[in-house]
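Here's the letter readout for the chains.
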Amino acid sequence: MEGRTYEEACDSFRDVIGKEAMRFPFLETSGKLTVQQRSMYQALVSVDQTGLFTMSDGALKTSLQTLSLLLSTHYDDKVIILIDEYDVPLDKAFRAGYYDKMISLIRNMFSSVLKSNNSLQFAVMTGCMRISRESIFTGLNNLRVLSITDVRFDEYFGFMDREVQDLLDYYDLSGSFNLIKVWYDGYQFGCTDVYCPWDVLNYCDLLRSNPEAQPQNYWTNTSSNDVVKRFIQEMDKGQTKREIERLIAGEIITKEIHQELTYQDMYTTIDNLRSVLFTTGRSISGSFLYSIERRRCSKNRGAVWHISEENHQYS
């Protein structure tokens, strides 16, 4: 949700949610909805003469719950809600200076749709920052948090060796497997090593037209590095540069990783940099980290992990 101000961000929310509601125009005349419920749908999709959605602040805060109610009533079935990158609006709000207002908005939206919503079967949310400490989830019950260290579903976050081999065999590119492994097999979820699908697919596409093509770093341009830049510019005293040089030289460094940082916590110390890199997939965990004994730590300290750089596109 883009927005230089809180008001612009709210307009972005209205636009996204309003267009989502417009995918179900049959709700406007559904015989299964009451007159009042059809009016609730109208409140979600109404626009002014310029094409901007006009839903009130109150309607915006309950918009997801409202849409789930209307769909559940029409289909006589509960809904499944998927929320991708839930923390992106918080990141943008933090950098633009309206974080507290955005926290309040998202807390109201999520509380209405995810707590005591009889229309909800279940919901899945993804994000870089772990949800358990963020105040927007206060009061929500039965949350299951799966981080990049969790072994459940770890094979579904990227391509595995056999899938890359099958892909290359299909396109008669099996001779490039070792090179692709060196470049793009640098991620670890739970106990599983995975490749970045975006990198593998783009490089395979390039190889089909030019068998001599060299690997490229396709993933870099898909996300912002503003967080890392701010860390280094405002807080670093040369420590990170020295550590990066050690990693490039093939050494392993040991860092304490805090997986429950919020955006307000993030910049309190340069030591949080590696935690941010780790939880957002920019650092690779090495020395096989996931034994229970290694991860145990005291209540007030994060787990200690060994960090190494194993992927050429980040080295």
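For the structure, see preceding data.
Here the structure is a predicted model, which is why all the values come from computation and not from measurement.

Definitions and limits used
Residues numbered from 1 in each chain as written. Predicted model: local features only at pLDDT ≥ 70, side-chain atom pairs only at ≥ 80, totals over all residues. Heavy atoms only, no water. Salt bridge = Lys/Arg side-chain N within 4 Å of Asp/Glu carboxyl O. Buried < 20%, exposed > 50% of the residue type's maximum accessible area, 1.4 Å probe, protein only. Helix = DSSP H or I, 4+ residues; strand = E, 2+ residues; numbered from the N terminus. Expected span 1.5 Å × (residues − 1). Arc of directions from axis to C-beta. Polar contact = N/O pair within 3.5 Å; in protein donor to acceptor, adjacent residues only side chain to side chain. Contact = heavy atoms within 4.5 Å. Phe/Tyr/Trp six-rings, centres within 6.5 Å; stacked < 30°, edge-to-face > 60°. Axes fitted to C-alpha atoms, helices over the stretch in contact; angles between N-to-C directions. Parallel < 35°, antiparallel > 145°, perpendicular 65-115°, else oblique. Left-handed = near helix turned anticlockwise from the far one by under 90°. Nonpolar A, V, L, I, M, F, W, Y, C, P; charged D, E, K, R; others polar. Core = buried A, V, L, I, M, F, W, Y, C linked by side-chain atoms within 4.5 Å.

**Digging into the pattern of salt bridges**
Thought 1: What the rule picks out here adds up to nine salt bridges.
Thought 2: In this structure, the salt-bridge partner of Glu 20 is Arg 23, at a minimum N-O distance of 2.6 Å.
Thought 3: Residue Glu 20 is classed as partly exposed on the basis of its relative accessible area, which comes to 33%.
Thought 4: In this structure, Asp 91 engages Arg 95 in a salt bridge whose closest nitrogen and oxygen atoms are separated by 3.1 Å.

**Focus on helix H9 (residues 197–209)**
Thought 1: Helix length check: H9, at 13 residues, gives a terminal C-alpha distance of 19 Å against a target of 18 Å (1.5 Å per residue), a fit within 8%.
Thought 2: Regarding H9, the residues found buried are Asp 199, Val 200, Tyr 203, Cys 204 and Leu 207. Along H9, the residues classed as buried sweep out an arc of 125° about the axis, all on the same side. Within H9, the exposed residues directed more than 90 degrees away from the buried face are Asp 205, Arg 208 and Ser 209.

**A look at the side chain of Thr 192**
Thought 1: Relative to the elements of secondary structure, Thr 192 occurs in strand E4 (residues 192–194).
Thought 2: A relative accessible area of 12% means that Thr 192 is categorised as buried.
Thought 3: Within polar-contact distance, the side chain of Thr 192 engages the side chain of Asp 154 at 3.0 Å.
Thought 4: Those residues in contact with Thr 192 that lie beyond four places of it in its chain are Asp 154, Glu 155, Met 160 and Tyr 187.

**Notes on helix H7 (residues 161–170)**
Thought 1: All of the buried residues in H7 are Val 164, Leu 167 and Leu 168. Down the axis of H7, the sector holding all buried residues measures 95°, keeping them to one side. When the buried face of H7 is taken as reference, the exposed residues oriented beyond 90 degrees from it are Arg 162, Asp 166 and Tyr 170.
Thought 2: Of the residues one or two after H7, Asp 172 is the one with positive phi, at around 55°.

**Overview of the packing of aromatic side chains**
Aromatic rings in a pair are described by how distant their centres are and how their planes are angled relative to each other.
Thought 1: A complete count under the given rule lists eight aromatic pairs for this structure.
Thought 2: Summarising the aromatic geometry, the rings of Phe 24 and Phe 26 are spaced 6.1 Å apart at their centres and angled 75° between planes, so their arrangement reads as edge-to-face.
Thought 3: Judged by centre distance (6.2 Å) and plane angle (65°), the rings of Tyr 184 and Tyr 203 are edge-to-face. Placement of Tyr 184 in helix H8 (residues 177–184) and of Tyr 203 in helix H9 is noted, with a sequence separation of 19 residues between them. One exposure class covers both Tyr 184 and Tyr 203, and it is buried.
Thought 4: In textbook terms, an aromatic cluster arises when at least three aromatic residues are bridged by ring pairs, as seen for Phe 24, Phe 26 and Tyr 75.

**Remarks on the environment of Ser 112**
Thought 1: Position of Ser 112 among the secondary structure elements: in helix H6 (residues 99–114).
Thought 2: On the basis of relative accessible area, Ser 112 is assigned to the buried category, the value being 19%.
Thought 3: It is 8.9 Å that separates the C-alpha atoms of Ser 112 and Thr 66, two residues lying 46 residues apart in sequence.
Thought 4: Separated by 2.9 Å, the side chain of Ser 112 and the backbone oxygen of Met 109 make a polar contact.

**Topic: the packing of helix H1 (residues 6–21) against H6**
Thought 1: The interhelical angle for the contact between H1 and H6, taken along N-to-C directions, is 25°, at an axis separation of 10 Å. One finds that H1 runs roughly parallel with respect to H6. Crossing geometry of H1 relative to H6 is assigned as right-handed. In this structure, H1 uses Tyr 6, Ala 9, Cys 10, Phe 13 and Ile 17 to contact H6, whose residues at the interface are Lys 101, Met 102, Leu 105, Ile 106 and Met 109.
Thought 2: Residue composition of the contact of H1 with H6, by class: nine nonpolar, no polar and one charged.

**Some remarks on the nonpolar core**
Thought 1: Leu 90, Met 102 and Phe 110 are the most contacted members of the largest nonpolar core, which has 44 residues in total.
Thought 2: Contributions of two or more residues to this core are made by H1, helix H2 (35–45), helix H3 (57–61), helix H4 (63–75), strand E1 (79–83), helix H5 (88–96), H6 and helix H12 (263–266).
Thought 3: Top contributing element to this core by residue count: H6, with nine residues.
Thought 4: Beyond its immediate sequence surroundings of up to four residues, Phe 110 is in contact with Ile 83, Tyr 86, Lys 115, Met 125, Ile 136, Phe 137 and Leu 140.
Thought 5: Residues Val 164, Tyr 203, Cys 204 and Tyr 218 belong to the second largest nonpolar core, which totals 14 residues.

**Considering the side chain of Ser 68**
Thought 1: As for its placement among the helices and strands, Ser 68 is situated in helix H4.
Thought 2: We classify Ser 68 as buried; its relative accessible area is 3%.
Thought 3: Among the polar contacts made by the side chain of Ser 68, one reaches the side chain of Asn 117 at a distance of 3.1 Å.
Thought 4: In this view, Ser 68 contacts Val 79, Ile 81, Val 113, Asn 117 and Ser 119; residues no more than four positions away in its chain are not counted.

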